[in-house]
Amino acid sequence: KPNPVHVAVTGGAGQVGYALLFRIASGQVFGPDVPIVLRLLEVTPALKALEGVAMELSDGAFPALTDVVLTDKPAEAFDGASWALLLGASPRKDGMERGDLLAANGALFGPQGQAIGQHAASDIRTIVVGNPCNTNAMIAAANAPDVPADRWFAMTRLDENRAKSQLAAKSGTPVGEVSNLAIWGNHSATQYPDFANARIGGRPVPEVITDDAWLNGEFISSVQKRGAAIIAARGLSSAASAANAVIDNVRSLNAGTPAGDWTSVGVQSRGEYGVPEGLFFSYPVVAKSDGTWTVQEGLQHDERAADRLRVTIAELEEERAAVRHLLG
Ligand code: NAI
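Calculation criteria
- Residues numbered from 1 in each chain as written.
- Predicted model: local features only at pLDDT ≥ 70, side-chain atom pairs only at ≥ 80, totals over all residues.
- Heavy atoms only, no water.
- Pairing = 2+ DSSP bridges.
- Helix = DSSP H or I, 4+ residues; strand = E, 2+ residues; numbered from the N terminus.
- Buried < 20%, exposed > 50% of the residue type's maximum accessible area, 1.4 Å probe, protein only.
- 1 Å grid on protein atoms, 1.4 Å probe; cavity = no way out; pocket = protein on both sides within 12 Å on 5 of 7 lines; lining within 4 Å.
- Points joined across faces, edges and corners; volume = space filled by probe spheres on them.
- Nonpolar A, V, L, I, M, F, W, Y, C, P; charged D, E, K, R; others polar.
- Near = heavy atom within 4 Å.
- Polar contact = N/O pair within 3.5 Å; in protein donor to acceptor, adjacent residues only side chain to side chain.
- Areas by Shrake-Rupley, 256 points an atom, 1.4 Å probe, with all protein chains shown as cover.
- Domains from an automatic or database assignment.

## Quick word on the sheet that holds strand β7 (residues 178-179)
Either a parallel or an antiparallel arrangement is found when strands of a sheet pair, and the pairing is made through backbone hydrogen bonds.
Moving on, step 1. Read across the sheet, 3 strands follow the order β7-β10-β11 without closing on themselves; strand pairing throughout is antiparallel. The open sheet has two free edges, formed respectively by β7 and β11 (203-204), since each of these has just one partner strand.
Moving on, step 2. Looking at chain direction, β7 and strand β10 (residues 199-200) are connected through 2 bridges and run antiparallel. In the strand pairing of β10, Val 178 is matched with Ile 200.

## Observations regarding the pairing of strand β4 (residues 83-86)
Moving on, step 1. Taking every second residue as pointing to the same face, both faces of β4 are buried, with Trp 83 and Leu 85 on one and Ala 84 and Leu 86 on the other.
Moving on, step 2. Pairing of strand β1 (residues 5-10) with β4 involves 4 bridges; the strand directions are parallel. From the neighbouring strand, Val 7 faces β4, where its bridge partner is Trp 83.
Moving on, step 3. Relative to strand β5 (residues 125-128), β4 is paired through 4 bridges, and the arrangement is parallel. Residue pairing for β5: Leu 85 is matched across the bridge by Ile 127.

## A closer look at the layout of surface pockets
Moving on, step 1. Taken as a whole, the second largest pocket holds about 160 Å³ of empty space.
Moving on, step 2. Classifying every residue of the lining of the second largest pocket by side-chain character gives 4 nonpolar, 3 polar and 2 charged.

## Remarks on empty space enclosed by the protein
Moving on, step 1. Inspection of the entire model under this criterion finds 1 cavity of 30 Å³ or more.
Moving on, step 2. A volume near 60 Å³ is recorded for the largest cavity.
Moving on, step 3. If you go around the largest cavity, the residues you meet are Tyr 192, Asp 194, Phe 195, Ala 196, Asn 216, Gln 300, His 301, Asp 302, Arg 304, Ala 305 and Arg 308.
Moving on, step 4. Going through the elements one at a time, β9 (192-194) and α11 (303-322) are the ones with two or more residues in the lining of the largest cavity.
Moving on, step 5. No other element matches α11, which puts 3 residues into the lining of the largest cavity.
Moving on, step 6. For the lining of the largest cavity, a count of residues per class yields 4 nonpolar, 3 polar and 4 charged.

## Here we look at the site of the ligand
Moving on, step 1. Not every one of the 26 residues close to the ligand is listed here, only the nearest: Gln 15, Val 16, Glu 42, Val 129 and Asn 131.
Moving on, step 2. Asn 131 is positioned with one of its side-chain polar atoms (N or O) 2.9 Å from an oxygen atom of the ligand.
Moving on, step 3. Here a nitrogen atom of the ligand sits 3.3 Å away from a polar atom, N or O, in the main chain of Met 155.
Moving on, step 4. Compared with its free state, where it exposes 860 Å², the ligand has 87% of that area covered by protein.
Moving on, step 5. Elements supplying a minimum of two residues to the shell around the ligand: α1 (15-25) and α4 (98-119).
Moving on, step 6. Classifying every residue of the shell around the ligand gives 14 nonpolar, 11 polar and 1 charged.
Moving on, step 7. Split by domain, the residues of the shell around the ligand number at least three in each of domain 1 (5-154) and domain 2 (157-322).

Following this line, the structure appears as structure tokens:
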């Protein structure tokens, strides 16, 4: 039997956690034969609810799940972890501005980044899901200078999946036919879901969907605002689809992206496509099964796309300015 993979999950008693943990335990992420240790971090008042989740994990009788650690101490949660999935944060409520979220959540991610740097396994990879995830990832990474920069990710896979579903529905094509869909920029309403470089059945999307007004209008805005639409409909932010995206994200980074395709994920910019260095920016990322990845080079943006990139860059720069005191 291989050694167990230690997976740290913060906010394990929350709604995304509830939809995620059972799927990890069932072997859907790392394979049915890879033993898993779940290391769950919660704030102290939520430990009781977390115990309830652990009881249900036990009642799942998952053969791959060898241990579950419950704690309110980051050092213990990240000890020996190869993956850190940072869900823990306060979710956006109806009417809440991103600025409020920055203030509430920014301060959590410095200490968690430090604990990852000090206690995680040498192969640690961290995906930040808790919003605002790009800037939270920047804070966590800045507080763990010994962890290589290419091990930190901010999740935009849910946006990618949403965009693919919209394109599939509009073109009457199975969603599995939609590929090369990149979300550029921030996981927020300024993101740019790049239909122009995406493909349906291997053909450029604008060749298959010739309705340019829809692509440049309703398509983009429906992807950008999908999170708010789910809150309006459900009264709660998306959780099961978010957990599903976490699983897709880990699997892509672990197994690699299919030949010729890429996935969307926020990574620390080294200036690719004119994005200021250091911002966590969602790019088309080509991942290999050895854990390395590169930003896909050479994609073209027309003027409208370039304008959209400027908007999302400006928003990320504003967020960085607002949390500069947390960047170490
Ligand atoms: P939730 O409120 O149901 O759960 C969050 C959990 O985090 C709570 O149990 C809370 O006690 C815990 N928590 C808070 N501070 C913590 C800390 N310092 N350490 C450990 N745990 C802590 O929220 P939900 O719906 O599960 O969402 C989690 C986060 O994910 C939110 O920030 C939400 O905005 C974000 N999200 C991001 C998505 C993305 O696409 N990037 C999609 C959906 C949600």
